[in-house]
Amino acid sequence: MFEKILDEHRNGIMILNKDFEVFYTNKVLQKIFNHTPGKRCGEFFECIHQSYEKKRCLETKRCESCSIKNNIKKVLEGKIKNIYLENVEYDALINEKVEKISMSIEIKNLIYKNENYITIEFFKLKTVDEILISNKRILDEMLDNLGDFIFYKDIAGKYIYGNKSFCDYIGIKKIDLIGKSDSDLFSKEMVKEWKKGDQKAWETGSFTVEEKVNGRYFKVTKQSLNTEEEPILISVIRDITYERKEMKKAYSDGLTGVGNRHAYDKEIRRIFDEKIKKYSMALLDLDFLRDINNELGHSQGDIALKEVAKIIKKSGIEKIYRIGGDEFAFLIENEIDASDVCCKINEEIKKVKIKDRALSSSIGVVNLRYDRSIVANFNSADGALYESKNSGRGKVTIKK
């Protein structure tokens, strides 16, 4: 399985056994050196000392001082866990021409089927005249420079690729991510949720959801894609915390903190589209707000509106909107007694005084009917509201 994954990796990957024999190399290295596994490390890389002395890798006079060999041995013997070597140089005989090779490598221990192996990743590999493996390739560079988290998985749920932003966020190196699954990296609860999203994306082609993690909001988009080699799942996770805050401002009434008319329109359309839950709609009008503004000043009128919003919030209703200067709309789920809660709201508002002037509100309530239009339902609630006003204000009228 790992061969498929590592063959597509942008850097060169080599796996050695305890005898320094090449157990595996990915396509990148095979293409450059035109060798397949089976040779010792230095033979694969055409180290020039073997040709000069006509001896195998590990047997020449220079082998004892070879920094690559000595560091591989340290990792193999467990003296160090891993090591990164920058700009290691050696001479190679490639196509009967001596080439000075420079490379940066990371050497790590690998346990495979209870045997010790060594993995070597080549981040840079170049001759004097040519870059054979770059530290950056165009696609990876583009993906690494994006703030979004981007990663690919195979059909078994194993990671094939993760960009720098994603790997930095979860605290893992890009090479270490390859071949791991969600259960290797995340909590059981998170794995369970991610698995659901993966399954939906595999089944339907794509899946999108918004999630809140550690106080921040993320938009998760997953899409299945059939490549020439195998099907993969591409995931893009975007931090939308700032967008959510800006959206909240756009849908929030700046004075009272409840939803505005835009928020009401969006929510009522959603409710009528889904038709899942039953709701009552209540329209509340703050009586005599114009008189308060004219006689006591607009600042006192603002205080009155804020007090009304607070009282509605305290009632336990969540979907509250200021849809006009002195008018509020709120949507009450069927589990709550709309008549009882609206009467309590009205009584609480009557207890509030603005400079010794007692507040009063009129409320109209209807049960939403999905067999009628949104406008027709609103007009019914508005009619109930005006009945309250016309009958002396400070009352609640409920239309069945």
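Relevant structure appears above.
About the cut-offs
Numbers given to residues run from 1 along each chain, matching the order in which its sequence is written. Given that this is a predicted model, residues contribute local features only at a pLDDT of at least 70 and side-chain atom pairs are listed and counted only at 80 or more, while totals for whole chains, interfaces and linings are drawn from all residues. Only hydrogens and water are set aside; all other atoms, that is, all heavy atoms of the structure, feed into the side-chain values. Helix and strand definitions follow DSSP, with helices as H or I runs of at least four residues and strands as E runs of at least two, each counted in order from the N terminus. Partly exposed residues are those whose accessible area sits between 20% and 50% of the maximum for their type, while under 20% is buried and over 50% is exposed, using a 1.4 Å probe and protein chains only. Neither His nor the chain ends contribute to the count of charged residues, in which Lys and Arg are positive and Asp and Glu negative. By salt bridge we mean one thing: a side-chain nitrogen of Lys or Arg within 4 Å of a carboxyl oxygen of Asp or Glu. When checking whether two residues touch, look at their non-hydrogen atoms; a contact exists if any pair is within 4.5 Å. The term nonpolar core refers to a set of buried residues drawn from Ala, Val, Leu, Ile, Met, Phe, Trp, Tyr and Cys, joined through side-chain atoms within 4.5 Å. Helix axes use the C-alpha atoms of the stretch in contact, all axes being lines fitted to C-alpha atoms, and the angles between their N-to-C directions lie in the range 0 to 180 degrees. Two helices that cross are described as forming a left-handed crossing if the nearer one is turned anticlockwise from the farther one by less than a right angle, and a right-handed crossing if clockwise. In the scheme used here, Gly and all other residues not listed as nonpolar or charged are polar, with Ala, Val, Leu, Ile, Met, Phe, Trp, Tyr, Cys and Pro taken as nonpolar and Asp, Glu, Lys and Arg as charged. Any two strands between which DSSP finds at least two bridges are classified as paired.

Right, let's get into the side chain of Glu327. Positionally, Glu327 belongs in strand S14 (residues 327-333). For Glu327, which is buried and forms no salt bridge, the nearest opposite charge comes from Arg261, at a distance of 6.4 Å. Glu327 has contacts with Leu283, Leu284, Asp285, Tyr321, Arg322, Asp382 and Leu385, leaving out every residue within four places of it along the chain.

This brings us to the nonpolar core. One finds Leu284, Phe330 and Ile345 to be the most contacted residues of the largest nonpolar core, which totals 27 residues. Looking at this core, the elements with two or more residues in it are strand S12 (279-286), helix H12 (289-296), helix H13 (298-314), S14, helix H14 (338-350) and strand S17 (361-367). Broken down by element, this core gets its largest block of residues, six residues, from H13. Leaving out residues up to four positions away in the same chain, Ile345 has contacts with Leu284, Ile311, Ile312, Ser315, Ile317, Phe330 and Ile363. Judged by nonpolar contacts, the second largest core, of 25 residues, contains Phe33, Cys41, Tyr90 and Phe122.

Across all of its chains, the model carries 32 salt bridges by this definition. One salt bridge in this structure joins Glu295 and Arg357, with 2.2 Å as the shortest N-O distance. With Glu295 in helix H12 and Arg357 in strand S16 (residues 357-358), the pair connects residues that are 62 residues apart, well separated along the chain. Judged by relative accessible area, Glu295 falls into the exposed class, the value being 51%. On the basis of relative accessibility, which here comes to 27%, the residue Arg357 falls in the partly exposed class. Where Glu307 meets Lys310, a salt bridge forms, and the shortest distance between an N and an O atom there is 3.8 Å. Here Lys310 and Glu307 lie together in helix H13, a separation of three residues that amounts to about one turn.

Before going further, it helps to examine the packing of H13 against H14. Remark: H13 packs on H14, axes separated minimally by 10 Å, with the N-to-C direction vectors making an angle of 145 degrees. Remark: the crossing between H13 and H14 carries right-handed chirality. When H13 is examined against H14, the residues Val308, Ile311 and Ile312 are found in contact with a partner set consisting of Ile345, Glu348 and Ile349. The residue inventory of the contact of H13 with H14, partitioned by class, reads five nonpolar, no polar and one charged.

On to the sheet that holds strand S9 (residues 206-213), then. Think of a sheet as strands paired side by side through backbone hydrogen bonds, with each pair either parallel or antiparallel. Overall, antiparallel pairing links the five strands, which are arranged S8-S7-S11-S10-S9 in an open sheet. Where the open sheet ends on each side, the last strands, each with one partner, are strand S8 (159-162) and S9. Strand after strand, the sheet turns through a mean of 20 degrees between neighbouring axes, direction not considered. The pairing of strand S7 (residues 149-154) with strand S11 (residues 231-239) spans six bridges and is classified as antiparallel. Looking at S11, one finds that Phe149 is bridged to Ile237. Helix H10 (residues 241-250) contacts S9, strand S10 (216-226) and S11 of the sheet and is inclined by roughly 120 degrees relative to S10.

Next up on the list: the environment of Gln300. Among the secondary structure elements, Gln300 is positioned in helix H13. Along the sequence, Gln300 and Leu289 sit eleven residues apart, while their C-alpha atoms lie 9.6 Å from each other. Among residues more than four places away in sequence, those in contact with Gln300 are Ile292, Ile354 and Lys355.

This paragraph deals with the sheet that holds strand S13 (residues 319-322). Strands sit in the order S13-S14-S12-S17-S18 across an open sheet of five strands; the sheet is mixed. Strand pairing shows two members of the sheet lacking a second neighbour, S13 and strand S18 (396-399), which therefore form its edges. Sheet twist, expressed as the mean angle between neighbouring strand axes with direction ignored, is 15 degrees. With seven bridges joining them, S12 and S14 adopt antiparallel strand pairing. Within S14, the position partnered with Asp285 by the bridge is Glu327.

Right, let's talk about the packing of H12 against H13 for a bit. When two helices pack together, their arrangement is given by the angle between the helix axes and the distance between those axes. At a closest axis distance of 6 Å, the pairing of H12 and H13 adopts a crossing angle of 145 degrees. Contact with H12, carried on its side by Leu289, Ile292, Asn293 and Leu296, involves His298, Gln300, Gly301 and Leu305 of H13 and no other residues of that element.

Burial of S12 is extensive: eight of the eight residues sit out of reach of the surface. Across the two faces of S12 the burial is the same, with Tyr279, Met281, Leu283 and Asp285 and Ser280, Ala282, Leu284 and Leu286 all buried. Pairing analysis gives seven bridges linking S12 to S17, with the strands arranged antiparallel. Within the sheet, the bridge partner assigned to Met281 lies in S17 and is Val366.

Both faces of the sheet carry side chains from a regular strand, because those side chains alternate between them. Examined bridge by bridge, strand S3 (residues 82-94) and strand S4 (residues 97-112) share eleven bridges and lie antiparallel to one another. Each residue of the ladder has a partner; that of Tyr84, found in S4, is Glu106. Between S3 and S4, which pair antiparallel and follow one another directly, the connecting turn spans two residues, one of which, Asn95, has a positive phi of 55 degrees. Pairing geometry for S4 and strand S5 (residues 115-126), over eleven bridges, is antiparallel. Bridge pairing in S5 places Ile105 opposite Phe122. The hairpin turn running from S4 into S5, its antiparallel successor, is two residues long, and Lys113 in that turn takes a positive phi close to 55 degrees.

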